[in-house]
Amino acid sequence: MSFKESIDLNRLPVHIAIIMDGNGRWAKRRGKLRIFGHQHGVDAVKEVTEACAELGVPYLTLYAFSTENWNRPPLEVNALMGLLVKTLHGELKTLQDNNIRLQAIGDLKSLARGCYPELMHAIRETASNDRMTLILALSYSARWELAMAARNIATQVALGNLRPEDINQERFASYLTTNNIPDPELLIRTSGEARISNFMLWQIAYTELYFTPVLWPDFTKEDLYKAIVDFQSRERRFGMTSEQIKVL
Ligand code: FPP
């Protein structure tokens, strides 16, 4: 029996975020270069995007490149950027055909020259699609995002457009790259690592975390369904007691 049959479609997570990890190890086990793993990682990206769209998950965020990933060997960074451009170019029609809107979060202007225009093109072209939003976190890190938000808030205060006493959680969140995007309800990390690695530190305050040993290129629709079933088995208390939740 597929895990899909156990999913309650009325209680799907509104937003699933994924730390795609294990491409390098997947390639190494096959005696191949790391980029071979990233290439196969793209197949998993397609699988999971398709599965979320089919189920009706409104938001899917994929952590594709962190600010720290710039420190990898130039050969790998260049190959990843090339892969991103190729995938964006090749998959734009699929996004359109499936009514999927593409968005991106991160220090996007720092992306390699060819990559930024391709990304902006895909974002513009899909802007009015409304079946699902696919968000790529590119040159993203939570500490970068939080520091930028603090800087932009300070600028507004210095200009006299904002009073310190008006800064609350909602206002602060509106300065993050995820403004207007609901917080993830489920965060999946593949490859057996149980770390957050500088990802959405503000947004995951009450997110359910799911760690799986499956390496990203091996991650299938069935693995996603399994994670969702696990998510639906959890009691989400948001700081309240179990008894309080039951009467809500
Ligand atoms: C982590 O595995 C993966 C990445 C840093 C890159 C993820 C990129 C892709 C899946 C391909 C491009 C994506 C899109 C959206 C087109 P790792 O290299 O850290 O693996 P390791 O931990 O085994 O070394």
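First things first, this report covers the structure right here in the doc.

Cut-off values and rules
Position numbers for residues start from 1 in each chain and track the written sequence from start to end. Totals for whole chains, interfaces and linings use every residue, but because this is a predicted model, local features are given only for residues with pLDDT of at least 70 and side-chain atom pairs only at 80 or more, for both listing and counting. Each side-chain value is worked out from all heavy atoms of the structure, with water and hydrogens disregarded. Note on pairing: DSSP must find at least two bridges between two strands before they are called paired. Where helices and strands are cited, they refer to DSSP runs of H or I of at least four residues and of E of at least two residues respectively, numbered from the N terminus. Angles here are taken between N-to-C directions and fall from 0 to 180 degrees, while the axes themselves are lines fitted to C-alpha atoms, restricted in helices to the stretch in contact. Any pair of nitrogen or oxygen atoms within 3.5 Å is treated as a polar contact; in protein, a donor-acceptor pairing is required on top of that, and neighbouring residues in sequence qualify only through side-chain atoms on both sides. The contact criterion used throughout is that any non-hydrogen atoms of two residues lie within 4.5 Å. Between the rings of Phe, Tyr and Trp (Trp by its six-membered ring), a pair exists once the centres lie within 6.5 Å; its type follows the angle of the planes, with under 30 degrees stacked, over 60 edge-to-face, and the other angles tilted. With a 1.4 Å probe rolled over the protein chains alone, any residue whose accessible area is under 20% of its type maximum counts as buried; one over 50% counts as exposed, and the rest are partly exposed.

## Some remarks on the sheet that holds strand E2 (residues 59-66)
The strands that make up a sheet pair up through hydrogen bonds in the backbone, lying either parallel or antiparallel. An order of E3-E4-E2-E1-E5-E6 is seen for the 6 strands of this open sheet, with the pairing classed as parallel. Looking at the sheet topology across the chains shown, the edges are occupied by strand E3 (100-105) and strand E6 (208-211). Across the sheet, the mean angle from the axis of one strand to that of its neighbour is 20°, orientation sign disregarded. Both E3 and strand E4 (residues 132-140) contribute to a ladder of 6 bridges, which runs parallel. Of the residues in E4, the one forming a bridge with Ile105 is Ala137.

## Comments concerning the side chain of His15
Tracing the chain through its elements places His15 in strand E1 (residues 15-19). Within the structure, the side chain of His15 is placed 2.7 Å from the side chain of Thr61, a separation counted as a polar contact. Within the structure, His15 has its side chain in polar contact with the backbone oxygen of Pro182 (distance 2.7 Å). Each residue touching His15, except ones within four places of it in the same chain, is listed here: Tyr59, Leu60, Thr61, Ile135, Ile181, Pro182, Asp183, Pro184, Glu185, Leu186 and Met200.

## Considerations on the packing of aromatic side chains
In total, this model carries 8 aromatic pairs according to the counting rule given. For the pair Tyr63 and Phe199, a centre-to-centre distance of 4.3 Å together with 20° between the ring planes defines the contact as stacked. Placement of the pair is Tyr63 in strand E2 and Phe199 in the loop between strand E5 (186-189) and E6, with a sequence separation of 136 residues. Comparing Tyr63 with Phe199 shows no difference in burial state: the two are buried. Pairing Phe172 with Trp202 gives two aromatic rings, centres 4.7 Å apart and planes at 25°, and the pair type is stacked.

Read these as spatial facts, not as claims about activity.
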